[in-house]
Amino acid sequence: MDRVFIEGLEIDALIGIYDWERRIRQTLVFDLEMGFDNRVPAASDDIADTLNYKAVSKRLIAYVSQSEFGLVETLAERCAEIVLSEFAVSHVRLKLSKPGAVRGAKAVGVIVERARAG
Ligand SMILES: Nc1nc2c(c(=O)[nH]1)N=C([C@H](O)[C@@H](O)CO)CN2
């Protein structure tokens, strides 16, 4: 299956379990791979036939910017649900990185892989 990807999408959000994290906004980084048959847009050369990565990015920016979850797990799950339910993808692999959250680590976070039911 072909894929469309978004790499290094930075979005500021309120996230974290500690009191100090509830008073600031932190930059999160999203990497997505989405299953989509790219042969159709390749044949038509029409943006309307694509999985439009700009549209997906704008939707995630709108959602994540106003979110206030404690765990990255919760936010990653919600974002995967949005991609699967609002865009014509067969599956999504989403990596959510929280840079600088752990001293000595470049980033920490989660990776979720979800597929359309049926
Ligand atoms: N599996 C997780 N572990 C941790 C999380 C999380 O969301 N998922 N969050 C924190 C804190 O918010 C941390 O990021 C602050 O440095 C700790 N562990």
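Above this text sits the structure in question.
Residues numbered from 1 in each chain as written. Predicted model: local features only at pLDDT ≥ 70, side-chain atom pairs only at ≥ 80, totals over all residues.

**Student:** In this structure, what is going on with the sheet that holds strand β4 (residues 107-115)? I would like to understand it.
**Tutor:** Through backbone hydrogen bonds, the strands of a sheet pair up, either in parallel or in antiparallel fashion. Taken together, four strands build an open sheet; the order of strands is β1-β2-β3-β4 and the sheet is antiparallel. Strands with a single pairing partner mark the edges of an open sheet, and in this sheet they are β1 (3-13) and β4. Strand-to-strand twist in this sheet, taken as the mean axis angle between neighbours without regard to direction, amounts to 15 degrees. Where strand β2 (residues 26-35) meets strand β3 (residues 91-99), six bridges bridge the pair, whose relative direction is antiparallel. When the sheet's bridge partners are listed, V29 is paired in β3 with S97. (Pairing = 2+ DSSP bridges. Helix = DSSP H or I, 4+ residues; strand = E, 2+ residues; numbered from the N terminus. Axes fitted to C-alpha atoms, helices over the stretch in contact; angles between N-to-C directions.)

**Student:** Hey, could you run me through the pairing of β3 in this one?
**Tutor:** Regular strands have side chains that alternate between both faces of the sheet. For β3 and β4, the ladder comprises nine bridges, and the chain directions are antiparallel. Pairing of H91 across the sheet is with A115, part of β4.

**Student:** Would you explain helix α3 (residues 72-86) in this entry?
**Tutor:** In an α-helix there are 3.6 residues to a turn, and that puts residues three or four apart on one side. In this model, α3 (15 residues) spans 21 Å end to end at C-alpha, consistent with the 21 Å of a helix rising 1.5 Å per residue. Along its buried surface, α3 packs onto β2, α2 (53-66), β3 and β4. (Expected span 1.5 Å × (residues − 1). Contact = placed C-beta atoms within 7 Å.)

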